[in-house]
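Spelled out from the first residue to the last, the chains are:
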Amino acid sequence: MDSYKNHSLERFAEELASDKPAPGGGSSAGVSGVLAASLLMMVIGVSEDSSELNDLAEELNQGQKRALELIDEDAESFAEVMEAFRLPQESAEENQKRNRKIQAAFRSAASTPLEMLELAADIAEIAVEVARKGNDNAITDAAAGVSAADSAAETAFFNVMINLDSIEDEEFVEQKAERARKLRKKAAEKKSEVIDRTRNNIQTMEGIDR
């Protein structure tokens, strides 16, 4: 598979809009994660130098790289599911093998967006510190960054849940679903913190609902 992270934005958009099932929502979560990390790195770049902000920039740089990788990994996970469904099922043995492959593929397809969800929640948490300690003139960029992180988290959350719905291992499903719910809540809470700070910094936003 050609690496989507090496596509131009225009080409990726064309792939996303095509009638092919991948890339899809999971890969778009990775794109949102990349945008989130990049925006927050920019805010740090236009802020006064500090060791603390520099450390956060390095975390964001690593997060950006991982989000880029997850764009491809999500599409690959979906391809594994489709490949498993295409396995022969003419005999009982083949049917059992096929079911094992399908279940393993769905586990992978759930785990990839779960990692993206965790990454997005971490980026949203960093956004709170960037908004608090970064350049006030770039507060809206921090708000845009955390909004992108929250979008990545929500999209990844949906992808986790839809794949868990096809997994037969109830313990696995319960464990991953609970983790996903906590991470989704964390991202949303961090977004609210940054948006509230942004609203307080911009007088013309007073009285405007989110």
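Residues numbered from 1 in each chain as written. Predicted model: local features only at pLDDT ≥ 70, side-chain atom pairs only at ≥ 80, totals over all residues. Heavy atoms only, no water.

### Section: the overall build of the protein
Definition in use: Only DSSP runs of H or I covering at least 4 residues are called helices, and only runs of E covering at least 2 are called strands; the numbering of each starts at the N terminus. Exposure categories follow from relative accessible area, calculated using a 1.4 Å probe and restricted to protein chains: below 20% of the type maximum is buried, above 50% is exposed, and the middle band is partly exposed. Between two residues, a contact is recorded if the distance between any of their heavy atoms is within 4.5 Å. Positive charges are assigned to Lys and Arg, negative charges to Asp and Glu, while His and the chain termini are left out of the count. Just so you know, the charge point we use is NZ for Lys, CZ for Arg, CG for Asp and CD for Glu.
Per the secondary structure count, the protein includes six helices and zero strands. Moving toward the C terminus, one meets the helices and strands of the protein in the order α-α-α-α-α-α. Along the longest, intermediate and shortest principal axes, the C-alpha atoms of the protein span 70 × 35 × 35 Å. When burial is assessed residue by residue, the protein has 41% of its 210 residues classed as buried. For the protein, long-range pairs separated by at least 24 residues make up 75% of all intrachain contacts whose partners lie at least 6 apart in sequence. Computed over 25 positive and 42 negative side-chain charges, the separation of the two mean positions in the protein equals 3 Å.

### Section: a nonpolar patch on the surface
Put simply, the test is: Each patch is built from residues that are more than 30% exposed by relative accessible area and take part in no salt bridge. Like charges join if they lie within 9 Å; nonpolar side chains (Val, Leu, Ile, Met, Phe, Trp, Tyr) join within 5 Å. Accessible surface is estimated by sampling points in the Shrake-Rupley manner with a 1.4 Å probe; for residues, cover comes only from the protein chains shown. Only one rule defines a salt bridge in this text: a Lys or Arg side-chain nitrogen within 4 Å of an Asp or Glu carboxyl oxygen.
On the surface, a cluster of nonpolar side chains totalling about 230 Å² of accessible area is made up of F78, M82 and F85. Mapped onto the fold, F78 is located in helix α3 (residues 51-85).

### Some points on the side chain of Q64
Inspection of the secondary structure assignment puts Q64 in helix α3. What makes Q64 buried here is its relative accessible area of 19%. Among all residues touching Q64, those that are not within four sequence positions of it are V34, A37, S38 and M41.

### Looking at the confidence of the model for the protein
So the rule is basically this: Think of pLDDT as the predictor's per-residue confidence, scored from 0 to 100.
Residues of the protein with pLDDT of at least 70 account for 96%, and the chain-wide mean is 92. Within the protein, the lowest mean pLDDT, 88, falls on helix α1 (residues 9-17), and the highest, 97, falls on helix α5 (residues 139-164).

### Things to note about the packing of aromatic side chains
Note on aromatic pairs: each is described by the distance of the centres and the angle between the planes. Formally: Pairing of aromatic side chains here covers Phe, Tyr and the six-membered ring of Trp, requires ring centres within 6.5 Å, and sorts the geometry by plane angle: under 30 degrees stacked, over 60 edge-to-face, intermediate tilted. Consider the ring centre and the ring normal. A charge sits over the ring if Lys NZ or Arg CZ is within 6 Å of that centre and within 35 degrees of that normal.
As enumerated under the stated definition, the model contains two aromatic pairs in all. Taken together, a centroid distance of 6.3 Å and an interplanar angle of 55° make the contact between F157 and F158 tilted. Taking NZ or CZ as reference, R107 lies 4.2 Å from the ring centre of F172, over its face.

### As for the pattern of salt bridges
Where charged atoms from two side chains of opposite charge come close, those side chains can pair. Here the structure, examined in full by the defined rule, presents 16 salt bridges. In this structure, R66 engages E69 in a salt bridge whose closest nitrogen and oxygen atoms are separated by 2.7 Å. Taken as a pair, R66 and E69 lie in helix α3 at a separation of three residues, close to a single helical turn. In this structure, D169 engages R107 in a salt bridge whose closest nitrogen and oxygen atoms are separated by 2.6 Å. Linking D169 in the loop between α5 and α6 (170-201) with R107 in helix α4 (residues 92-133), this pair joins segments that are 62 residues apart in sequence. Judged by relative accessible area, which is 31%, D169 ranks as partly exposed.

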